[in-house]
Amino acid sequence: MAKDLKNAISLTAISFLCYFVLSALLAPIGILAPVMAEYFDEPVTNITKNFGWLTTGNLLGALLAVVISSHFPLKTLFAWIYGLIGVLLISVGLVSDLLALGLVLALVGMGCGIGLAAAAILITLRFDAQRKASMLILTDACFSVAGFVIAWTTATLLYFEFGWQSTFQLIGVFALVIAALAITANFGDLSQEKPGAEERKLPWPTSVKLLGAGLFLYTLGQYSAIFWLPIYAEETFALNKLLAGGLVGQFWTGMFAAQIFTSWWVMKIGAGRLVGLAVFTTFAGSVSLWVTPSGSWLPALAALWGFLNFSLLKATLSYATELFPDHPINLVPMLLLCATGGTAISPLLTSAVVDLFDARGSLIMGSICYALLILCVMLARQTPRAQS
């Protein structure tokens, strides 16, 4: 019994830590960019664009996951991929130019894209329908924990003049922990597809396609604000680097609190009603960031915006599976691919917006994405669901 419990904890930890690692890579971009700009003697917008290697690699990894997730055992995927990620991140101190760093970030992003899809599949295979939505939301809670822990840690490390490389090396240690857990855990038959899964190839309902488009808009909107919020605070309200960098941590703290609450609440009201509410509160929270007249309000507004997200990404994912009862095994990786697409283009697109306007322009773009998300969700709710 104790051995089974230990194995169950290990499998759950693997799923959660996969989200922790990706969030830890994305959360401090806006904090690290000015320091890296000085190190590489490049404009901040060029540094942010360079993180497009990470997000594009993540998109390619999510795309690969759709193909390979049913062909390789989950144990093998977790052990090899996160072992490689750990080695690459710990070795980042050897990198001397932006191109080499970009290639490292591309490989790391690709591994994370495959790993996140594998983690979501692991959860959907281990838990029944009632607990699945709650557990998927808790993975987002772990994503948020990484967001505020790594954001605050990065701001503190830079304040005490540790190099930007130290953040990546710390994340590499977490990746190696995932690999170690995968090597020692017993996955049983979780990697096996259900009989007949290949024979059931149903077209996606229109409602699910709309939710896929919504997931793309959600992540694009989120990172349009997160990447540039610290720089917006410094330029507009003259906040110092520690306080400006802490805004990212405030967002993820609010997000984490909401996800703990939502993991219980979603079982009471259902994923569909939660999504219908969260799209409006997320939009309202994002608008407050760029209309506030005082920088002293930004920490509270960032935390409130995080809370008002109500774990929208995973709630939408769960809602889509409800709308498509007989969905194929690759539905979850495909929906995650839609979300990853928004993340992937955000460094390049937002950098272009900032070059054209300013950091506030990127925050406004995020709110526009959320407005379009509301439209997608409202249309999806009006579309008949697929029949089982």
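Going by the structure above, here's the rest.
Undergrad: What am I meant to see in the overall build of the protein here?
TA: Counting its secondary structure elements, the protein contains 16 helices and zero strands. Its C-alpha atoms put the protein at 60 × 45 × 35 Å along the principal axes. Expressed as a percentage of its 388 residues, the buried residues of the protein come to 60%. In the protein, once contacts between residues fewer than 6 apart in sequence are set aside, the share between residues at least 24 apart is 88%. Of the accessible surface of the protein, which amounts to about 15,700 Å², a share of 67% is contributed by carbon and sulfur atoms. Each charge class in the protein was averaged separately, 18 positive and 18 negative side chains, and the resulting centres sit 14 Å apart.

Undergrad: Explain the packing of helix α11 (residues 241-269) against helix α13 (residues 298-308) here, please?
TA: Two packed helices can be described by the angle between their axes and the distance between those axes. Close contact between α11 and α13 brings their axes to 6 Å; oriented N to C, the two are set at 35 degrees. In terms of crossing hand, the pair formed by α11 and α13 is right-handed. Residues Leu247, Gln250, Phe251, Gly254, Met255, Ala257, Ala258 and Phe261 of α11 form the contact with α13, whose own contacting residues are Leu298, Pro299, Ala302, Ala303, Trp305, Gly306 and Phe307.

Undergrad: Where do I start with the nonpolar core in this structure?
TA: Soluble globular proteins tend to pack their nonpolar side chains together in the buried interior. In terms of nonpolar packing, the biggest core is built from 129 residues, with Phe78, Tyr82 and Trp252 touching the most fellow members. The biggest single contributor to this core is helix α6 (residues 98-126), with 13 residues. In contact with Trp252, other than residues within four places in its own chain, are Ser23, Ala27, Phe143, Ser144, Gly147, Phe148, Gln222, Tyr223 and Ile226.

Undergrad: Is there a simple way to explain the packing of aromatic side chains in this structure?
TA: How two aromatic rings sit relative to each other is given by the distance of their centres and the angle of their planes. Inspection of every chain in the model, using the stated rule, returns 17 aromatic pairs. Considering the side-chain rings of Phe261 and Trp264, the 5.9 Å spacing of their centres and the 50 degrees angle between planes classify their relative orientation as tilted. With a gap of three residues between them, Phe261 and Trp264 both fall in helix α11, about one helical turn apart. Aromatic pair Phe261 and Phe307: ring centres 6.4 Å apart, planes at 25 degrees, arrangement stacked.

Undergrad: Which parts of the structure should I look at to understand a nonpolar patch on the surface?
TA: A surface patch of nonpolar side chains, about 360 Å² in accessible area, is lined by Val87, Ile90, Val173, Leu176 and Val177. When contributions to the nonpolar patch are tallied by element, the ones reaching two or more residues are α5 (74-90) and α8 (165-184). Topologically, Val177 is positioned in helix α8.

Calculation rules
- Residues numbered from 1 in each chain as written.
- Predicted model: local features only at pLDDT ≥ 70, side-chain atom pairs only at ≥ 80, totals over all residues.
- Heavy atoms only, no water.
- Helix = DSSP H or I, 4+ residues; strand = E, 2+ residues; numbered from the N terminus.
- Buried < 20%, exposed > 50% of the residue type's maximum accessible area, 1.4 Å probe, protein only.
- Contact = heavy atoms within 4.5 Å.
- Areas by Shrake-Rupley, 256 points an atom, 1.4 Å probe, with all protein chains shown as cover.
- Lys, Arg positive; Asp, Glu negative; His and termini not counted.
- Charge placed at Lys NZ, Arg CZ, Asp CG, Glu CD.
- Axes fitted to C-alpha atoms, helices over the stretch in contact; angles between N-to-C directions.
- Left-handed = near helix turned anticlockwise from the far one by under 90°.
- Core = buried A, V, L, I, M, F, W, Y, C linked by side-chain atoms within 4.5 Å.
- Phe/Tyr/Trp six-rings, centres within 6.5 Å; stacked < 30°, edge-to-face > 60°.
- Patch = residues over 30% accessible without salt bridge, like charges linked within 9 Å, V, L, I, M, F, W, Y side chains within 5 Å.
- Salt bridge = Lys/Arg side-chain N within 4 Å of Asp/Glu carboxyl O.

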